[in-house]
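Survey of secondary and tertiary structure
Residues per chain are reported as follows:
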Amino acid sequence: MSATLVHGQGTRVGFYATTCPRAASIVSSTVAKHFRSNRAIAPALLRMHFHDCFVRGCDASVLIDGSNTEKTAPPNLGLRGYEVIDDAKTQLEAACPGIVSCADILALAARDSVVLTGGRSWLVPTGRRDGRVSLASETTDLPGFTESIDSQKQKFSAKGLNTQDLVVLVGGQTIGTTACQFFSYRLYNFNGTASSDPSINASFLPQLQALCPQNGDGTKRVPFDTGSENRFDVSFFANLRNGRGILESDQKLWTDASTRAIVQRFLGITGLAAFNVEFGRSMVKMSNTGVKTGTDGEIRKICSAINS
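Residues numbered from 1 in each chain as written. Predicted model: local features only at pLDDT ≥ 70, side-chain atom pairs only at ≥ 80, totals over all residues. Heavy atoms only, no water.

A separate point is the state of the cysteines. By the definition in use, this model includes four disulfides. Between Cys20 and Cys96 runs a disulfide, and the two sulfur atoms are separated by 2.0 Å. Taking the sign of the S-S torsion, 70° for the link of Cys20 and Cys96, the bridge is right-handed. Placement of Cys20 in the loop between strand 2 (11–12) and helix 2 (23–37) and of Cys96 in the loop between helix 4 (82–95) and helix 5 (102–116) is noted, with a sequence separation of 76 residues between them. Like Cys96, Cys20 is buried. For the protein, the disulfide bridges join cysteines in the arrangement 1-4, 2-3, 5-8, 6-7, where the cysteines are counted in sequence order. (Disulfide = S-S within 2.5 Å. Helix = DSSP H or I, 4+ residues; strand = E, 2+ residues; numbered from the N terminus. Buried < 20%, exposed > 50% of the residue type's maximum accessible area, 1.4 Å probe, protein only.)

Structure, rendered in structure tokens:
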């Protein structure tokens, strides 16, 4: 691991080596415990970290309770796994009071979630502190499910992330599910026509329509990565190549030439090895977005509430 990979903006690998040496192992064992009873917790924690970092940086602002906080905004209403973070925080406060930030718990839990689903581990720089502000209005920084590739690139670039980071991090959806309400419009009367989105594979369309009937339950969950939603692999990218992407914004990674070449790199056995390496690198880059270190922010005692 190069120095540029494991250091950045005041964070560093081993930040808690002397102040709370069991920090990473406590988070890891907590995530594993919850994962054993509910495998869906892994993609939930990975997504939560992503949603945290894209708004105000990786400062655990997504965890704060209250009216008009990030938690209450439409893009975050489907977030799950808060109880895992709270569980880890309770144990860490007992072992090392006031030392480990909620933001670092999120970053460590995201890595542990990837490992539990078969992905490769990476070194997580720590030393983040927690923010004190959480605003629902700022969740517009998150990429949306209908956005063009150009718009997605702009949002990633604003966080210091390039086009490859975009493809790699979206590829994290190789685990997890989404709700019918975020893509069923592609299946019926797409763009005001009487047909479906032409980028959907014709043989896949009836499967999606059976899962998400017209005027059906919009909250029903469907895997991003059909048949492989619990494995961190590259079948998500193969699905894009085969017109089996679930979200419109995901399928555009294949239909847009600028991102298709990157998707192609991650296909097959050699692609899997490359994806695992690049995912760790991109996660480290993202996890250093807008972090608070030193005397900025605080170390929250309870992750859902700023210190009084």
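So that's the structure; there's more coming.
Turning to helix 3 (residues 41–53), a few remarks are in order. Counted at 1.5 Å a residue, the expected span for helix 3 with its 13 residues is 18 Å, and the 19 Å between its end C-alpha atoms agrees. Residues of helix 3 that are buried include every one of Ile41, Ala42, Pro43, Ala44, Leu45, Leu46, Met48, His49, Phe50, His51, Asp52 and Cys53, and no others. Where helix 3 is buried, its residues meet helix 2, helix 4, helix 5, helix 6 (149–157), helix 7 (163–170) and helix 12 (268–287). (Expected span 1.5 Å × (residues − 1). Contact = heavy atoms within 4.5 Å.)

With that settled, consider the packing of helix 7 against helix 12. In contact at an axis separation of 9 Å, helix 7 and helix 12 are set at 110° when each is read in the N-to-C sense. Regarding the angle of helix 7 to helix 12, the classification is roughly perpendicular. Residue-level contacts link Gln164, Asp165, Val168 and Leu169 of helix 7 to Phe275, Glu278, Phe279, Ser282, Met283, Lys285 and Met286 of helix 12. Of the residues contributing to the contact of helix 7 with helix 12, the split by class is six nonpolar, two polar and three charged. (Axes fitted to C-alpha atoms, helices over the stretch in contact; angles between N-to-C directions. Parallel < 35°, antiparallel > 145°, perpendicular 65-115°, else oblique. Nonpolar A, V, L, I, M, F, W, Y, C, P; charged D, E, K, R; others polar.)

In a soluble, globular protein the nonpolar side chains are often hidden away together inside. If you look at the biggest cluster of nonpolar residues, it comprises 69 residues, and the most contacted ones within it are Leu63, Ile85, Phe237, Phe266 and Phe279. Element by element, the count of residues in this core is highest for helix 5, at nine residues. Three or more residues apiece are contributed to this core by two domains, here domain 1 (22–142) and domain 2 (149–285). Discounting residues that sit within four places of it in the chain, Ile85 has contacts with Leu45, Met48, Leu63, Ile105, Leu106, Ala109 and Cys303. (Core = buried A, V, L, I, M, F, W, Y, C linked by side-chain atoms within 4.5 Å. Domains from an automatic or database assignment.)

On to the UniProt feature "domain: Plant heme peroxidase family profile" (unreviewed entry) in the protein. The UniProt entry lists residues 10–307 under the feature "domain: Plant heme peroxidase family profile" (unreviewed entry), expressed in the numbering used here. The distance separating the terminal C-alpha atoms of residues 10–307 is 23 Å; by composition the span is 42% helix and 3% strand. (UniProt positions renumbered as here; feature names shortened; annotations may be inferred.)

On the UniProt side, "binding site: Ca(2+) 2" (unreviewed entry) is annotated at positions that read Thr174, Asp225 and Asp233 here. A maximum C-alpha distance of 9.6 Å places the annotated residues, which cover 60 residues in sequence, within one compact spot. Structurally, Thr174 is set in the loop between helix 7 and strand 3 (177–179). Judged by its relative accessible area of 0%, Thr174 is buried.

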